[in-house]
Amino acid sequence: MLANRVREYTTTVGTGDIKLGGALAGHLRFADAFAAGDSVIYVIEDDDNYEIGTGTLTGGTTLARTSISETLIDGVLDKDAPEAISLSGTARIY
C-alpha cells in the first residue's frame, strides 16, 4: 500500500524492526494512513544512505522490515541482493 504525506522520524539503531517516532511537521504518521497488519512500501533515508522495501505495520509505532528491494550504502547501489541498512538513530522514513 502507498499513502501520500506519510513521513516519520525514527531513532532506531541497527537493522531490526523500525520504531516509528512521530510525523514530521505537515505529514502523517504511518498509523494515520494504515492499519496494523498492512503491508506498505517504504523508503528510509539515513544521512546519504537509503533503503527501499516493503514492511508490515505491526502496531501504531513499529514497521517490521519484510523485504528489501534496493539500498544505497556509502555510494554503492545494490538491487541484486540488498540487505537492510544499519540505522544510526536519526533516520526519516516515508
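Residues numbered from 1 in each chain as written. Predicted model: local features only at pLDDT ≥ 70, side-chain atom pairs only at ≥ 80, totals over all residues. Heavy atoms only, no water.

1. Observations concerning the nonpolar core
Nonpolar side chains in soluble globular proteins tend to be buried together.
Phase 1 of the analysis: Among the nonpolar cores identified, the biggest contains 14 residues, and Ile18, Leu20, Phe30, Ile44, Leu63 and Ile93 are the most heavily contacted of them.
Phase 2 of the analysis: Elements that contribute at least two residues to this core include exactly strand S3 (18–23), strand S4 (39–46) and strand S9 (91–93).
Phase 3 of the analysis: If you tally residues by element for this core, the top one is S4, at three residues. (Core = buried A, V, L, I, M, F, W, Y, C linked by side-chain atoms within 4.5 Å. Buried < 20%, exposed > 50% of the residue type's maximum accessible area, 1.4 Å probe, protein only. Helix = DSSP H or I, 4+ residues; strand = E, 2+ residues; numbered from the N terminus.)

2. Some details on the environment of Ala3
Phase 1 of the analysis: Mapped onto the elements of the fold, Ala3 is located in the segment before strand S1 (8–10).
Phase 2 of the analysis: The spatial distance from the C-alpha of Ala3 to the C-alpha of Gly21 is 18 Å, given a sequence separation of 18 residues.
Phase 3 of the analysis: If we ignore the near neighbours within four places in the chain, the residues touching Ala3 are Ala33 and Phe34. (Contact = heavy atoms within 4.5 Å.)

3. Description of unusual backbone geometry
Phase 1 of the analysis: Phi at Arg5 takes a positive value of approximately 65°, unusual for a residue other than glycine.
Phase 2 of the analysis: Backbone geometry places Asp47, a non-glycine residue, at a positive phi of 55°.
Phase 3 of the analysis: Within the secondary structure layout, Asp47 lies in the loop between S4 and strand S5 (49–59).

4. Some details on the pairing of S4
Phase 1 of the analysis: For S4 and S5, the ladder comprises eight bridges, and the chain directions are antiparallel. Each bridged residue has a counterpart across the sheet, and for Val43 the counterpart in S5 is Ile52.
Phase 2 of the analysis: Counting the residues that bridge the hairpin from S4 to S5 gives two residues, and of these Asp47 lies at a positive phi of roughly 55°.
Phase 3 of the analysis: Two strands pair when backbone bridges link them, and S4 and S9 are joined in this way by two bridges, in the antiparallel orientation. Directly across from Ile44, in S9, lies its bridge partner Ile93. (Pairing = 2+ DSSP bridges.)

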